[in-house]
Amino acid sequence: MLSTLQPPRSLSHFRTNPTLLLRYTSLKPLSSLSSQPVIHSTITDQPQSPNPLPHSQILSTRHSLLSRHLTATQLADSFLARLRLTEPHLRSFLHVSDSVLAQARELDEKIQRNEELGPLAGVLVAVKDNICTAEMPSTAGSRVLEGYTPPYDATAVRKIKELGGIVVGKTNLDEFGMGSTTEGSAFQVTANPWDVSRVPGGSSGGSAAAVSARQCMVSLGSDTGGSVRQPASFCGVVGLKPTYGRVSRFGLMAYASSLDVIGCFGMSVADAGILLHAISGHDRLDATSSKREVPNLEAEFVSISSLDSKPLKGLRIGLIRETLDDGVDTGVTSAVRNAALHLEELGCFVNEVSLPSFSLGLPAYYILASSESSSNLSRYDGVRYGNHVAADELNSQYKDSRAKGFGSEVKRRILTGTYALSAGYYDAYYKRAQQVRTIIRKSFKAALDENDILISPAAPSAAYKIGEKNNDPLAMYAGDIMTVNVNLAGLPALVLPCGFVEGGSAGLPVGLQMIGAAFDEGKLLKVGHIFEQTLQNCNFVPPLIADEVTS
């Protein structure tokens, strides 16, 4: 699928313009950002405006294009060069578009004609391969859809294109989003840019790794039980899961319809927030999309230089006690507690809160998600679309097409869901799981009535070795315990890197999860943005590209 890429001999042969790389990859340590100028820039900034959000690739790119300091073609060529260089080591992409440079040249021509640019003009976006794209294959990481190209774009992809964004390609994932490592992909396993012997997380591991390795500026993923937030933690990037209904699911291949959302990855909180704003809003093609007005999320990105020494004074933060119990690595616990101390230094009042139903979320999630997947995946029958196996009888065609098209994890979850929905077990499993879901929603509401934001680790450990949990699916499922409750409650959550633990050649990143009330993404972005600007002595550039971007 990556026939358009020619693997280089080694990373040392990367020789694109270093000035362009340093200027447009947001590589300054987070500790240096507090001294940057005022940030009150908007998506509609004109060239004469002050430099917008130095740590936002999206706004910096727009400013540079409008001021003619950089062409879209130069920018695209620089990112594609790094993609070609790093891709043989990472395998983030299942398909790379062959029209990126052509689209960049068209954008340069519009600039020369002084035509109006969209707010995402020149922004290179990677898209998870379970989100439909009309001009590129969309396989969901499954052999059953190998080579399938949809006749339409997902609503989120369409909005990105309408605003001037350029889709770089389709990223790897666990098949149909069922997994936490990308090892469940039918095509390849993605590696973590911090240590290529480790997993990037999943199921949106390809999207997270692509942003971490600066193969693109931002990316789209999907989050059913933590598939944006856990890989964001493993790869040291920002991951944003919106409230259920904030973003249209039209064009997202369904896994568990009541849990699925499209989320965003970025190198900074600002980039993730701007991308979310671009794709949010009601869609008549998705009956579950909210009609609630989308606020100006970019207004939350205020420079700390314009605030006092306690920019978050009075904010109430609840640290979820159950997320720091046995089973969580001590390094992760330490990093999260240090993050809580940092929030206190910013003026927050941090206290521990208890969610007694927290541990119930994991079994309830897997019952509900598997049940919904057993229904949603019945459409892949070898008749309507996708690969099929010739057979004399229709039932044989169904059976053989699915047997050869689906991987072992997908089959496992379909069987689990079918069992839970069967006549003799519906009340004991599916109905009871729905009751637990109601309890979890109420417990989160009660906690968020007393606190502005809840915090926890994004995962019980940092990235682990490829193959380490292949033979123990239950251990892999347990890794989702920090994230699944948020999906069951339909709440928004932001994950951003907050520290490191030992591992690899330069340590492994740890992500802090911030959970907000429904449709309160703005508050999460504001707090995350200030936290990010004030975090000291942390530079989240993975070793794979560190020499190139700092030399």
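Model, not experiment: these values are computed from the prediction.

Conventions used here
- Throughout this document, residue positions are counted from 1 along each chain, in the order its sequence is written.
- The predicted origin of the model limits local features to residues at a pLDDT of at least 70 and limits the giving and counting of side-chain atom pairs to 80 or more, whereas totals for whole chains, interfaces and linings rest on all residues.
- As a rule here, side-chain values come from all non-hydrogen atoms in the structure, and water together with hydrogens is ignored.
- By definition, a salt bridge exists where a carboxyl oxygen of Asp or Glu is found within 4 Å of a side-chain nitrogen of Lys or Arg.
- Where helices and strands are cited, they refer to DSSP runs of H or I of at least four residues and of E of at least two residues respectively, numbered from the N terminus.
- Along the chain, pLDDT gives the predictor's confidence residue by residue, from 0 to 100.
- In this description, contact between two residues means that some pair of their heavy atoms is separated by no more than 4.5 Å.
- Only Phe, Tyr and Trp rings take part, Trp by its six-membered ring, and two of them pair if their centres are within 6.5 Å. Stacked means planes under 30 degrees apart, edge-to-face means over 60, and tilted covers everything else.
- Only protein chains enter the area calculation, which uses a 1.4 Å probe; residues under 20% of their type maximum are buried, those over 50% are exposed, and those in between are partly exposed.
- For a Lys NZ or an Arg CZ to count as sitting over a ring, it must be within 6 Å of the ring centre and within 35 degrees of the ring normal.
- Structural elements are reduced to axes, namely lines fitted to C-alpha atoms, with helices fitted over the stretch in contact, and the angle between N-to-C directions of any two is expressed from 0 to 180 degrees.
- Throughout, the term roughly parallel applies to angles under 35 degrees, roughly antiparallel to angles over 145, roughly perpendicular to angles from 65 to 115, and oblique to all others.
- Only Asp, Glu, Lys and Arg are considered charged in this grouping, and only Ala, Val, Leu, Ile, Met, Phe, Trp, Tyr, Cys and Pro are considered nonpolar; every other residue, Gly among them, is considered polar.
- Note on pairing: two strands pair once DSSP finds at least 2 bridges between them.
- What is meant by a nonpolar core is a set of buried Ala, Val, Leu, Ile, Met, Phe, Trp, Tyr and Cys residues, joined one to another through side-chain atoms within 4.5 Å.
- UniProt positions are given in the numbering used here, feature names are shortened, and annotations may be inferred rather than shown by experiment.
- Handedness of a crossover is defined as follows: orient the strands so they point away from the viewer, and if the path from the first strand over the helix to the second runs clockwise, the crossover is right-handed.

Turning our attention to the pattern of salt bridges. On inspection of all chains with the given rule, the structure shows 16 salt bridges. The residue arginine 246 makes a salt bridge to glutamate 521 at a minimum N-O spacing of 3.1 Å. One end of the pair, arginine 246, is in the loop between β5 (238–241) and β6 (261–266); the other, glutamate 521, is in helix α16 (residues 521–534), with 275 residues separating them in the sequence. In this structure, a network of salt bridges that share partners links the residues Arg316, Asp452, Asp520 and Lys523.

Turning next to the confidence of the model for the protein chain. For the protein chain, mean pLDDT is 89; residues scoring 70 or higher make up 90% of the total. Overall, residues 1–54 carries pLDDT values under 50, and its contacts beyond four positions in sequence, including any with other chains, amount to 135 contacts.

Going through the model one piece at a time under the given rule, you end up with 13 aromatic pairs. Ring geometry for tyrosine 419 against tyrosine 429: centres 6.0 Å apart, planes inclined by 55°, an arrangement best described as tilted. Of this pair, tyrosine 419 sits in helix α12 (residues 408–421) while tyrosine 429 sits in helix α13 (residues 426–450), and the two are 10 residues apart along the sequence. We classify tyrosine 429 as partly exposed; its relative accessible area is 35%. Their ring planes at 20° and their centres at 4.9 Å tell us that phenylalanine 500 and phenylalanine 540 sit as a pair that is stacked. In this pair, phenylalanine 500 is assigned in strand β10 (residues 493–501) and phenylalanine 540 in the loop between α16 and α17 (543–550), connecting sequence segments 40 residues apart. The class for phenylalanine 500 is partly exposed, based on a relative accessible area of 31%. Accessibility expressed as a relative area gives 8% for phenylalanine 540, which makes it buried. Cluster of aromatic residues (ring-pair linked, three or more members): Phe176, Tyr380 and Phe406. Just above the ring of phenylalanine 79 sits the side chain of arginine 82; from NZ or CZ to the centre is 5.7 Å.

Below, the discussion takes up the packing of helix α9 (residues 330–345) against α16. Relative to each other, α9 and α16 sit at 100°, their axes nearing to 11 Å. Between α9 and α16, the angle falls in the class roughly perpendicular. Residues Ala339, His342 and Leu343 of α9 lie in contact with α16, whose contacting residues are Val527, Phe531 and Thr534. Residue composition of the contact of α9 with α16, by class: four nonpolar, two polar and no charged.

The next subject is the sheet that holds strand β1 (residues 93–96). Taken together, 11 strands build an open sheet; the order of strands is β1-β3-β2-β4-β6-β5-β10-β11-β9-β7-β8 and the sheet is mixed. Taken across any chain shown, the strands that pair with only one partner, and hence form the sheet edges, are β1 and β8 (349–353). In this sheet, neighbouring strand axes are inclined to one another by 30° on average, regardless of whether the strands run parallel or antiparallel. By the bridge criterion, three bridges tie β5 to β6 in an arrangement that is antiparallel. Considered in β6, the bridge of glycine 239 is made with phenylalanine 265. Running at roughly 155° to strand β4 (residues 218–223), helix α6 (residues 205–212) makes contact with β1, β2 (124–128), β3 (166–171), β4 and β6 of the sheet.

Quick look at the pairing of β5 now. Burial along β5 is two-sided: the face carrying Val238 and Leu240 and the face carrying Gly239 and Lys241 are both buried. One ladder, built from three bridges, connects β5 with β10; its direction is antiparallel. Bridging across to β10, lysine 241 finds its partner in alanine 493.

Let us look at the environment of methionine 476. Along the chain, the position of methionine 476 falls in helix α14 (residues 473–478). Assessed through its relative accessible area of 13%, methionine 476 is described here as buried. Sequence-wise, methionine 476 and glycine 179 are 297 residues apart; in three dimensions their C-alpha atoms are separated by 7.9 Å. Discounting residues that sit within four places of it in the chain, methionine 476 has contacts with Ser180, Thr181, Glu183, Tyr464 and Lys469.

Once that is clear, we can look at the nonpolar core. Nonpolar side chains tend toward joint burial in soluble globular proteins. One finds Leu220, Leu343, Ile455, Met514 and Phe531 to be the most contacted residues of the largest nonpolar core, which totals 102 residues. The element contributing the most residues to this core is helix α8 (residues 269–279), with eight residues. Aside from chain neighbours lying at most four places away, what touches isoleucine 455 is Ile317, Gly318, Leu319, Ile320, Ala340, Leu343, Leu512, Gln513 and Met514. Leu145, Ala364, Phe406 and Ala420 belong to the second-largest nonpolar core, a separate cluster that totals 43 residues.

Right, let's talk about unusual backbone geometry for a bit. Put simply, glycine 202 and serine 203 share a cis peptide bond, and its omega is 5°. You can see serine 203 is positioned in the loop between β3 and α6. A positive phi angle, near 55°, is found at alanine 140, a position not held by glycine. Inspection of the secondary structure puts alanine 140 in the loop between β2 and α5 (155–162). Classification of alanine 140 as buried rests on a relative accessible area of 0%. Of note in the backbone geometry, arginine 214 takes a positive phi value of approximately 55° without being a glycine. One can find arginine 214 in the loop between α6 and β4. With a relative accessible area of 4%, arginine 214 lands in the buried category.

Attention now moves to the UniProt feature "active site" (unreviewed entry) in the protein chain. In the numbering used here, UniProt assigns the feature "active site" (unreviewed entry) to Lys128, Ser203 and Ser227. For the residues just named, distributed over 100 residues, the greatest C-alpha separation is only 11.0 Å, placing them together at one site. The buried category is assigned to serine 203, whose relative accessible area is 0%. Those residues in contact with serine 203 that lie beyond four places of it in its chain are Lys128, Asn172, Leu173, Asp174, Gly177, Met178, Gly179, Thr182 and Ser227. With respect to the helices, strands and loops of the structure, serine 227 is situated in the loop between β4 and α7 (229–235). Take serine 227: its relative accessible area is 6%, and that puts it in the buried class. When residues no more than four places from it in sequence are discounted, the contact partners of serine 227 are Lys128, Gly177, Gly179, Gly202, Ser203, Ser204, Ser222 and Phe265.

Counting buried positions over the five residues of strand β7 (residues 316–320) gives four, a clear majority of the element. Pairing of β7 with β8, which is carried by five bridges, proceeds in the parallel orientation. What sits directly across from isoleucine 317, in β8, is valine 350. Each parallel crossover has a hand, and the one from β7 via α9 to β8 is right-handed.

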